[in-house]
Amino acid sequence: MEKLIITCAISGAVTMPVQTPYLPLTPQQMADEAVRAAEAGAASVHVHARTPADGKPTTDLNVYREMLPRIKERSDVIVNITTGGGLGLPVEDRIRVVPTFKPEIATFNMGSMNFSIHPLLKRYKDEDYRYPWEKGYIEMTKDIIFRNTFADLEHFCKTMKENGSQPECECYDVGHIYNTNFLIREGLIALPAWLQFVTGVLGGIGSHLEDIMYMKRAADRLIGAENYRWSVIGCGYPHQFNVATLAIMLGGHVRVGLEDNIFIEKGVLAKSNAELVEKTVRIAKELGRDIATPDEARSILSLKGKDKVNF
Ligand code: KMH
Ligand code: ZN
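Here we summarise the structure given alongside this text. What you are looking at is a predicted structure, and each value in this text was computed from that prediction instead of being measured. (Residues numbered from 1 in each chain as written. Chains lettered and ligands numbered in written order. Predicted model: local features only at pLDDT ≥ 70, side-chain atom pairs only at ≥ 80, totals over all residues. Heavy atoms only, no water.)

**Concerning the coordination of the zinc ion (ligand 2)**
Applicable threshold: Coordinating N, O and S atoms are those within 2.8 Å of the metal (3.2 Å for Na, K and Ca), and as water is not part of the atoms, a site may appear to have fewer donors than expected. Helix and strand assignments come from DSSP, with helices taken as H or I runs of at least 4 residues and strands as E runs of at least 2, each series counted from the N terminus. Burial status follows relative accessibility: with a 1.4 Å probe on protein chains alone, a residue under 20% of its type maximum counts as buried, one over 50% as exposed, and anything between as partly exposed.
Binding of the zinc ion (ligand 2) to the protein goes through H46 (NE2), H48 (NE2) and E259 (OE), at separations of 2.1 to 2.2 Å. Linear spacing of the donor residues for the zinc ion (ligand 2) on their chain is H-x1-H-x210-E. Taken together, the positions of H46 in strand β2 (residues 44–47) and E259 in the loop between β12 (253–256) and β13 (263–265) put the pair 213 residues apart, joining distant regions of the chain. Residue H46 shares its accessibility class with E259, and that shared class is buried.

**Points about the site of ligand 1**
Spelled out, the test is: A single heavy atom is enough: if one lies within 4 Å of a molecule or strand, its residue is considered near that molecule or strand. Polar contact is the term for a pair of N or O atoms within 3.5 Å; when the atoms are in protein, one must be able to donate a hydrogen and the other to accept it, and sequence-neighboring residues count only if both atoms are side-chain atoms. All accessible areas in this document rest on Shrake-Rupley with a 1.4 Å probe, and a residue is counted as covered only by the protein chains that are shown.
Near ligand 1 there are 13 residues, and of these H48, T82, T107, N109 and E259 occur at the shortest range. Note that an oxygen atom of ligand 1 is positioned 3.1 Å from one of the side-chain N or O atoms of H46. Between ligand 1 and T82 there is a distance of 2.7 Å, counted from an oxygen atom to a side-chain nitrogen or oxygen. Protein burial of ligand 1: of its 300 Å² of free accessible surface, 96% is covered by the chains.

**Some thoughts on the sheet that holds strand β10 (residues 193–199)**
We apply this condition: The rule for pairing is simple: two strands pair if DSSP sees at least two bridges between them. Axis definition: a line fitted to C-alpha atoms, over the contacting stretch in the case of helices. Angles run 0 to 180 degrees between N-to-C directions. By the convention used here, residues are in contact when the closest approach between their heavy atoms is within 4.5 Å.
As summarised here, the arrangement of the 8 strands in space is β1-β2-β5-β6-β9-β10-β11-β12, forming a closed barrel in which the pairing is parallel. With direction set aside, neighbouring strand axes in the sheet form an average angle of 25 degrees. Sheet analysis places β2 next to strand β5 (residues 78–81), joined by 4 bridges and oriented parallel. Of the residues in β5, the one forming a bridge with V47 is I81. Across the face of the sheet, helix α11 (residues 294–301) comes into contact with β5, β6 (105–109), β9 (166–171), β10 and β11 (228–234) while running at roughly 60 degrees to β5.

**As for helix α5 (residues 133–140)**
Because each turn of an α-helix spans 3.6 residues, side chains separated by three or four positions in sequence point in the same direction. So the rule is basically this: Taken from the helix axis, the directions to the C-beta atoms give the arc we talk about.
Within α5, the full set of buried residues consists of W133, E134, Y137 and I138. Buried residues of α5 fall within an arc of 125 degrees about the axis and therefore sit on the same side. Summarising the contacts, the buried residues of α5 are in contact with β3 (49–50) and β4 (57–58).

**Looking at the environment of S75**
Relative to the elements of secondary structure, S75 occurs in the loop between α2 (61–72) and β5. Residue S75 is classed as buried on the basis of its relative accessible area, which comes to 11%. The residues touching S75, leaving out its near neighbours within four places in the chain, are V35, A38 and K306.

**Things to note about a nonpolar patch on the surface**
Selection criterion: Exposure above 30% relative accessible area and the absence of a salt bridge qualify a residue for a patch, where like charges join within 9 Å and nonpolar side chains (Val, Leu, Ile, Met, Phe, Trp, Tyr) within 5 Å. We define a salt bridge as a side-chain nitrogen of Lys or Arg found within 4 Å of a carboxyl oxygen belonging to Asp or Glu.
Taken together, the side chains of M249, L250 and L287 make up a nonpolar region of the molecular surface, amounting to roughly 270 Å² of accessible area. On the secondary structure map, L250 appears in helix α9 (residues 239–250). Accessibility expressed as a relative area gives 34% for L250, which makes it partly exposed.

Shown next, in the form of structure tokens:
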């Protein structure tokens, strides 16, 4: 079996500061967490930007300028930048990271959808929130559409192609695999494609093992098993580790990290992203799957290399 590529999603835009004090919010904290996750075994780190003063999701390129070089100078890890940005952020602002920083990988969200975190509201009282923006942001997600129209998809993947960035096709449901296949047939996504099955988002498919098998079977049938590689995200606990274990067994790859799950064990907060990576490495080792280094992951995914990014 191919060595296991572990991606660590460091902070994201849907984990709220109220949920865990361990969520990195500033460029320095994110860079430190990214380097530690890489030392623990992540070949790739997935990053978003947040306003340093209050941790609110942003597409401000200056925040990335503070973060990206701090990762690159201390680690060989692959840096995968979001083009999802944050919920409610404009499409034009989301894609600017690609021509600006020319990353080795960027996320590519495969369709418009409801993407909501509003059930979090029930868990917290007003006095629990650490920052004034948090409650309104969570409320807003009940009534927005995470926009990724076909025109957006075409614009995003053309921009990624022009900048040598590998699109990571985020598939939140089976229809997104059909969309990915459509863009492959249109010649807009090169083969082998890199798919991320994103499970457990409210608005998308669940994280049951049957869901993962269904996604994989659909991709095998449509795209062809030899024409794509896949990784899986399970949002929340214990899904993050359950779906990771399945992927490890099936020859897929995995994403873990505080963007998707804040618990290391039932009811116990992970104190860092590295802790989540370490647990994944332990599971993989128990199951006899070797872990890919960043350079091994670059070769598996045919990436252009760290020297060709623009940061
Ligand atoms: N927050 C994840 C569920 C992106 O950044 O473009 C999805 C994600 C997508 O990571
Ligand atoms: Zn993300």
